[in-house]
Every structure is written in structure tokens, then in C-alpha cells.
2 protein chains.
Amino acid sequence: MRGISRLARELKLSSGTISRALNNKSGVNPETRRKVLAAAERLGYEPNQAARTLASGRTGSIGFMIDLDRDSVSNGDSFFMGVFDGVQTELALHDLDLLVLPCPSRQDKFAYLDKMISRQQVDGMILSEIESDDARIDYLKEAGVPFVTLGRTTSNQHYSWVDLDFEGVAQVAVDRLVSLGHRRIAITVPFGKVNFGRVFKTAFAERLAFHGLEFDSQLVFQTGIGEEDGYHLVDPMIDRPDPPTAVLLIFDATAIGIYRRLSERDLAPGTDFSVIGLRDEASVRYLRPGLTSFDVSLHDVGRELARALLPQVSGGAPAMVDLIQVKVPMELKARQSDCPVASRAIRDPLLLNGG
Amino acid sequence: MRGISRLARELKLSSGTISRALNNKSGVNPETRRKVLAAAERLGYEPNQAARTLASGRTGSIGFMIDLDRDSVSNGDSFFMGVFDGVQTELALHDLDLLVLPCPSRQDKFAYLDKMISRQQVDGMILSEIESDDARIDYLKEAGVPFVTLGRTTSNQHYSWVDLDFEGVAQVAVDRLVSLGHRRIAITVPFGKVNFGRVFKTAFAERLAFHGLEFDSQLVFQTGIGEEDGYHLVDPMIDRPDPPTAVLLIFDATAIGIYRRLSERDLAPGTDFSVIGLRDEASVRYLRPGLTSFDVSLHDVGRELARALLPQVSGGAPAMVDLIQVKVPMELKARQSDCPVASRAIRDPLLLNGG
DNA sequence: CTGAAAGCGCTTACAG
DNA sequence: CTGAAAGCGCTTACAG
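Residues numbered from 1 in each chain as written. Chains lettered and ligands numbered in written order. Predicted model: local features only at pLDDT ≥ 70, side-chain atom pairs only at ≥ 80, totals over all residues. Heavy atoms only, no water.

## Focus: the sheet that holds strand S7 (residues 220-223) of chain A
The strands that make up a sheet pair up through hydrogen bonds in the backbone, lying either parallel or antiparallel. Residue and element names in this part refer to chain A. On the basis of which strands lie adjacent, the open sheet formed by four strands has the order S7-S6-S8-S9 and parallel pairing. Of all strands in the sheet, those with a lone pairing partner are S7 and strand S9 (274-276), marking the two edges. Across the sheet, the mean angle separating the axes of adjacent strands is 25° when strand polarity is ignored. Sheet analysis places strand S6 (residues 185-190) next to S7, joined by four bridges and oriented parallel. Along S7, the bridge assignment pairs proline 190 with threonine 223. Packed onto the sheet, helix H9 (residues 196-210) meets S6, S7 and strand S8 (246-248) and runs at close to 160° relative to S6. (Pairing = 2+ DSSP bridges. Helix = DSSP H or I, 4+ residues; strand = E, 2+ residues; numbered from the N terminus. Axes fitted to C-alpha atoms, helices over the stretch in contact; angles between N-to-C directions. Contact = heavy atoms within 4.5 Å.)

## A short note on the relation of the copies chain A and chain B
For these two chains of identical sequence, chain A goes onto chain B by a turn of 180° and a shift of 0.1 Å along the axis, with RMSD 0.1 Å. The transformation just described matches what one would write down for a two-fold rotation axis. Most of the interface of chain A is mirrored in chain B, where 98% of its interface residues are also at the interface. (Least-squares fit on C-alpha atoms with pLDDT ≥ 70 in both.)

## Remarks on the environment of B:Trp161
Residues and elements named next belong to chain B. By secondary structure assignment, the location of tryptophan 161 is in strand S5 (residues 161-164). Tryptophan 161 sits 12 residues away from threonine 149 along the chain, and the two C-alpha atoms are 4.6 Å apart. The contacts of tryptophan 161, once residues within four sequence positions are left out, are Val148, Thr149, Gly151, Arg152, Ile324, Gln325, Val326 and Lys327.

## Observations concerning the packing of helix H1 (residues 4-11) of chain B against helix H2 (residues 15-22) of chain B
All names here are of chain B. Remark: H1 packs on H2, axes separated minimally by 9 Å, with the N-to-C direction vectors making an angle of 105°. Here H1 is positioned roughly perpendicular relative to H2, judged by the angle of their axes. Packed against H1, whose contacting residues are Ile4, Leu7, Ala8 and Leu11, the element H2 presents Ser15, Ile18, Ser19 and Leu22 at the interface. Here the contact of H1 with H2 is built from residues that sort into six nonpolar, two polar and no charged. (Parallel < 35°, antiparallel > 145°, perpendicular 65-115°, else oblique. Nonpolar A, V, L, I, M, F, W, Y, C, P; charged D, E, K, R; others polar.)

And the structure:
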């Protein structure tokens, strides 16, 4: 005799009453509830999750799908760790657990998701590494499964998502560079199918237009996430007939390689060439000159994800719930890697000291 | 009518036969099995995991617990991603799924584990970030839950674990430095409760003894994982009355700060001071001079974890299964950050060029 | 080789 | 407020 029936025998109550007491249902004598909770505590009772799920149709878990494929991995562990923690903070308030579902690199993402959903392993899903046209979104909508995405597609607007505020970043960064006299600004975007590069590029182009500047697709450079990728960006940029005077990075770690190649070319970042990063990563926090970049609370990103999902999970049918689309703001961290546009002849010594 | 009973009606078979066919049990007419599988495919049948678990007592899932507490997070980079992928590769062969269980930073690790186990969410557990005396291990042994750890405790020997081959690293690194003339070698170990620093230190001390060198506890330095931690290591090391001439790192990213502080002190890594890393991280791969370090296949680490766990899960009682304790070998990647011990007066120009 | 039936441990209308 | 009972969708001895 185990589980609820053990408690029932012990307390001379029916298992129904035990269940109602344990689950905080209304219509239970307070004294009875107290006794049940005390006995559960004393006997170390924990409900069997499988039985609960089978009976109620709810798993009590939210899935967070990540992609282990290195080619599409654009964020290291620490990015997701911060987000997970934020998600948990919010889910815990609703007695929901987070299960991270890592899609193996060799497996098709769609098939993996399909399996998890069909088996009914979770009550809702958080998707990451969203592609420009991501079939998973239509699938989940079709299946009526509550979900929210970390990132947005280009096409589909009718779903809830949370994303970094690329528009805000583009605005602040472009405004800043333009006010420093820059007119030709390069931008880097990721390889692969993930969509945020396109989002960033679009926002960037729009802000250029705001300033009456032309968007030059020649100044868009694809890059990987590593230092060496940054290293190889420099020559194609500065050897152009009409080179840019500044660059916006999509991956901060590329700054290390950019700095190195610039110095090999006898150019100094923050003096001869301006560099602005997108997301303050620990790995470049001690670069000199300090990289002007943007800071975001990963914990907040996680919380927003959970908040966008919860109404779908606990409320009515997903279709009845308002769409929630959130851009998590990013805060400029001005350092010394950007400067007034200047020919190499005119260096302002003040800027070298991080003015 | 859904699930198996739908198939049963469709095929005019009992649900028992459907179940046996689907699960590849013996004693099913091959023709019947073929029909069942075809119908399942056609109707898009996927078994309800909760019902399966409740009936069979098996979840078909393995949990991998990670700690989101930033203080004990000791692997930046994409350490876990690589490991997860390796685990999945092996689990997939046995029709097992991997669920990553992230313990929120504010929650007690033990309580979190207890909850997951009590609810019977997984058939087996992989634990990471093992502490010197980790209560979770005794708990899982007691509970009879199959498990394996990524890392080892100091105390308890009677469980299966997989770890990096710190002994091998210490041996190769010490041998190398000693042959280059070094006699005073520093070592860095992590802050916090995780145990691998102690493992590394012990192996290091033993290899020194092998060479008849004394282990000087003054040359053991605690460090965090970041560049700035490395930066702050340098002064306390080189300002000693009897300073070391080389250091073994526990976190490669600290090398960036070490390089920077050395150069501020007018010392060159790989010339005036030798540095050897532990695990080749992407973030320092383009440091100059190149960091001599060790390479490990994270995929192999994951596979070994799964292999150590599987006999417990599918075989008999955990107690009946042989212990598996694996050190995953690490391969030296010799670069230019270590060199013959030399006073600053005697620099060999060849070494500067990475000889 | 197949079917009928019990049972896994819960939840939840339905009576009382 | 509590109990008796059905049922969630499977698996698995047990008969035949």
C-alpha cells in the first residue's frame, strides 16, 4: 500500500479527500486539510507524477527546447543558464517545473519536438533558436499546445514571443555613431538559419533611414561567434574602396579578433575604428579599450518567457488568450571602443583615455 | 476513443496485442506486428508517456541535473551542450530520452533532487558539479536510484563516475614543465564546493613528488573562472619572495587576464613565465602566444556517462551492477605559452616565434 | 499467438 | 465537507 492510499488508511479518510486536501481544492475542512498535510510531511509523501498526469491531463512541467547542433548554437551555456533561472523563478510561483529538452545535433528539430508533444511530456513549450520561417510554430499552433518563443520569425506574427530589443539597440547604437560623425556603418549578422540577424539588420536599416542615411548591403557581413571570425572580418571591411568607419557586432566575442587584426593593420579600435557590441559577454568584459556594448538581464528574459506562457497554460484555450510579444530592453554600456569618426591623422588623445 | 484503444478498434485486435507489438515483445505474429506498426504510423499514434510510466514503472527518461547557481557554475563556454549531445547519442540506442533538470539558483540542490526522485520523473540520474562530500550521492544510493556522476567526491568510492583525467593532465603538464627546468610551479583551483580542484591539486602534488619536488601549498591559488580573476592572480604570484616560474590553470579563460597583467608588469607569457591550461576553451583559442592546454572530447564524456549508467537502468538491481569509474583522457595541445625556465636576461628569440 | 482483465496511483464529477 | 466509484491509457501476468 503506497502513495495516497497509504495516507488514506493511516488517516481513515478516502483517497479523494486526501487528493483534494493536498491539491488545495476548495471544500475541504481546514482541520482535515491540516491533518493530511501533516501526515504527508511526516511520511514523506510525494505524489506520483505519472498518475497525476494520467488522471488530470496536466504534467506540471514546461519544456524548454534547445538545439545542441553546434552550427546553430549561437549562445554558450551561460546564456541559457541565466534564462532558465529566470523561467524557473516565475514557474515556481505556479507550481510548475522546467524540463530542458536538448535536441541532439543529429536529430531533426521538428521530429524531436513532435515526439515530445505527442507523448504529452509537457503542458507548454518554450522554443529557442527560432528560424526565419520556423515550422515548429505552425505545428504547435495547430496542435493547440501552449508555447512561447525566445526570438521571432520573419513571417508569422500570431504567436507570443520574447526577444531582445534589437530595435532599441539599433536605434541607440546608430544614433550614437551618427552623432559621432559616422556615415558608413557596417553590421555583422550570424550564419545559419536563426532569424535574429535579420531582425537586427532590419532595425539597423530603418534607423539609418531615419537619419537619411543609405543602407548599403555591402556593409553587411556574416560571421560566426568566435574570435577568429572577428579576425577575418577586418580585412574585407577596411580594404573596401569606401570602407566603413564603424561596425555593429552581433557577437561580442568577435571583438577580440577584430581588435587583434586591427592592431596588426596598425589601426586602433576606439581611435581609428569604432566598434559597438550587442550583448555584454563575460569573455570580453576585460578587453582594452573597453567594448561599448549593451547589457540585458537574462533573468528578466526568462521571467518574461514564463509570464508570456502562463496565461495559455493555466487559462482557457490558447486561442482565447491575448498574444504577448515582449522586447526585453538592453542598456547601453558606453566604454571606449567607439569614438568620433576621424582620419588617422587626427587623433584626439582624450578619447584614448576613455573620455 | 483514443490512443491504443483506437488502434485496437481499427485493427480488431486487443489492446494487449497492440501494446506487445508496439514494444517489440516476443510472442507476436510477425504479420500482426507489421499491421500494427503500419496502422500506428498511418494514424500518427504516439504512446502516452504518463500511462506507460504508471503501468510499467519506467519513465523512459534519464535526468541530468545541473546547477544554475552562478557561484558554483564552473564551466562557461558550451561545456554542457557538448556533454548532453554525447549522452543523447548513447541513450538513443536504448530508446531513452534525456531530460535536463536545472536546479534554480535559489533552491537547495538536495531538496530539488529529492523532489524529482520522489515524484519518479526519471529512471536514472546524472549528477554534475559534484562537491567533495556530496550528500546527493548517499541519497541516491539509499534510494536505489540508478545514477552516475560527472566528477567525483573525495570520500565516497562506491558509485559510478566519469571525470576528466586530472591525473593524466597533472602528469603530462608537470613532466613537461620539469623537463623545461621548472622547479617552482603554481597551480590554481576553483573557489566553492566543487571537488575537481582538490582532485587536480592532489594529482599535481603526487606528480611533483614523483620528480622529488616539494609541494608548496603557498603556490596553490584559488580563482574564479573569468579573465579578471586571472588578472588578479599575477601579482600575488610573482611578488612572492620565491616566485613560481610557471602556473597550471584550472580555467583557461583566466589566461587572458594573466597575459594582460604579465605584460603590464613587463613580463611576457611563454618567455618570462610559463602558463599551461587545463581545457581548451573556444574563448582563448586565439590568444597570443597560443596557450598550451589540453583537449577533451565532451561528446566522449557524455557517452561515457550514459554507458556507465545504462547497465544500472536496464540491468538488475543497481547494487548488482559493477561500478564503472572512467577518466576521460585529455590530449596535450602544445603551443607557445610554456618555455624553458629563464631569467629575464636570457631570452631565446626562437621561443618568441612559437618554436 | 491472442484476449480478457487487473492494476499502476492519482483526479474528479457525482451523491449524500 | 466526505466517500464511493469511474476513469485516465497504458502494461502484463494469466488463460486459453
